[in-house]
Amino acid sequence: MSDKKFTPRVFSGIKPSGGLQLGNYLGAIKRFVQMQDEMETVYCVVDLHAITVWQDPKELANGTREVAAGYLAAGLDPTKSILFNQSQVAAHAELGWIFNCVARMGWMNRMTQFKDKAGANAEKVSLGLYAYPSLMAADILLYHATHVPVGEDQKQHVELTRDIAAKFNHDFKTDFFPMTEPIIDGPATRVMNLRDGTKKMSKSGESDMERVNMTDDADTIVKKFKKAKTDPEPLPDTLEGLKDRPEARNLVDIYAALNDSTPDAVIGEYAGAGWGRFKPALADLAVSKLAPIADEMARLMDDPTEIDKVLKNGADRARAIADPVLAQTYDIVGFLRS
Ligand code: AQP
């Protein structure tokens, strides 16, 4: 393995495949914002990934703006981070094709997210959904990103990115692409569905009651936590006592993540508390953290000129990094550039 040093750089993205939910915020956006003070950061609204499942063309552009508004409202500073939407930088699709020719079918067949999303319908889903992880590898490696903050559900895709980089480097006898590290930390790397603690919270989950949306108003947030599935037991006095209680554990983790605390500290404070005490406290905390973000998102969405300007400027800055990387990749592969 090469000991070539790469400039520390973060890349991560979010699909505009529906309204942002609490898992996207706690598992991704909140972390993204913290990282902009630690190293160079490139963040993307991955609209090419969104169309791997059907998106209404009348809603996609606004959905893209809404994800951008979520990033900005949560504190992303576009003068520090690069923020853009993926389809404005053609190099993503171009490098994605090259990686389709590097990745092996056997690797793709092992991707659990594809199996979850395709379910029993694998013959009918798009080829894009199957190839999604190699496009994600292109997103990351186009910026020679060394670190990718993601939720637990994306860990396998970042591992595949490393496999693709390693095979490319090996096949073409180069050390051009870095071995990117996933960053999966904090109490909310896997926020679970409020109605079923064994399933992750998702934008596209069937019922709105199973997730908290970043644009939900205070009454809706309170209602969703009130109706969240739990068990009849009060909170235990150690974290160990939450083993085999997935719904209870999820609410404790959400509280900890919203409060920049730890599940242990939450249990320390609420040991013995029943749901009649804990749920309203959680709902109040969620409203106090999410309402200012929702208000700012609404302000930004009211006149999208500001968002569009940020995305255009971000795309220009992204291309300045991505295009030379793609050009060098073409040279390594042996494409004729006349
Ligand atoms: N429930 C979650 N807990 C923690 N992190 C999560 N993320 C998503 N859900 C959770 C993280 O959010 C980032 C962006 O995800 P994405 O929108 O690109 O894709 P996803 O993981 O497929 O998100 P959804 O909400 O489940 O979308 P749909 O329903 O459209 O497929 C990633 O870092 C992800 O880990």
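Since we're looking at a predicted model, the values are computed, not measured.

Draft legend 1. View of a positive patch on the surface. A contiguous patch of positive charge on the surface is contributed by Arg195, Lys223, Lys226 and Lys227. With respect to the helices and strands, the residue Arg195 is situated in the loop between strand 5 (181–183) and helix 9 (218–227). Looking at Arg195, the relative accessible area reads 40%, which means it is partly exposed.

Draft legend 2. Representation of the packing of aromatic side chains in the model. All chains considered together, the criterion is met by 16 aromatic pairs. Centroid distance Phe99 to Phe168: 6.3 Å. Interplanar angle 75°. Geometry classified as edge-to-face. You can see Phe99 sitting in helix 4 (residues 91–100) and its partner Phe168 sitting in helix 8 (residues 155–171), a full 69 residues away along the chain. We classify Phe99 as buried; its relative accessible area is 0%. For Phe168, a relative accessible area of 0% puts it in the buried group. Their ring planes at 80° and their centres at 5.1 Å tell us that Tyr270 and Phe278 sit as a pair that is edge-to-face. Accessibility classification places Tyr270 together with Phe278 in one group, the buried group. Cluster of aromatic residues (ring-pair linked, three or more members): Phe99, Phe168, Phe172, Phe176 and Phe177.

Each value, and the rule that gives it
- All chains use their own residue numbering, which begins from 1 and follows the written sequence.
- With pLDDT at 70 or above as the cut-off, local features in this predicted model cover only qualifying residues; side-chain atom pairs require 80 or more to be listed or tallied, and sums for whole chains, interfaces and linings still use all residues.
- Side-chain metrics rest on all non-hydrogen atoms present in the structure, leaving aside hydrogens and water.
- Patch members must show over 30% relative accessible area and no salt bridge, and they are joined within 9 Å when carrying like charges or within 5 Å when they are nonpolar side chains of Val, Leu, Ile, Met, Phe, Trp or Tyr.
- The accessible surface values rely on the Shrake-Rupley method and a 1.4 Å probe; as for residues, cover is taken only from the protein chains in view.
- Counted as salt bridges are all cases of a side-chain nitrogen of Lys or Arg within 4 Å of a carboxyl oxygen of Asp or Glu.
- This count recognises Lys and Arg as positive and Asp and Glu as negative, with His and chain-terminal groups excluded.
- By convention, the charge on Lys lies at NZ, on Arg at CZ, on Asp at CG and on Glu at CD.
- Labels follow the DSSP assignment, with helices taken as runs of H or I lasting at least four residues and strands as runs of E lasting at least two, numbered in each case from the N terminus.
- Think of it in three bands: residues with accessible area under 20% of the maximum for their type are buried, residues over 50% are exposed, and the middle band is partly exposed, with areas taken using a 1.4 Å probe on protein chains only.
- Stacked, edge-to-face and tilted labels apply to pairs of Phe, Tyr and Trp rings (six-membered ring for Trp) whose centres lie within 6.5 Å, assigned for plane angles under 30 degrees, over 60, and everything in between, in that order.

Note that every value here comes from positions in space, so none of it alone points to a role or purpose.
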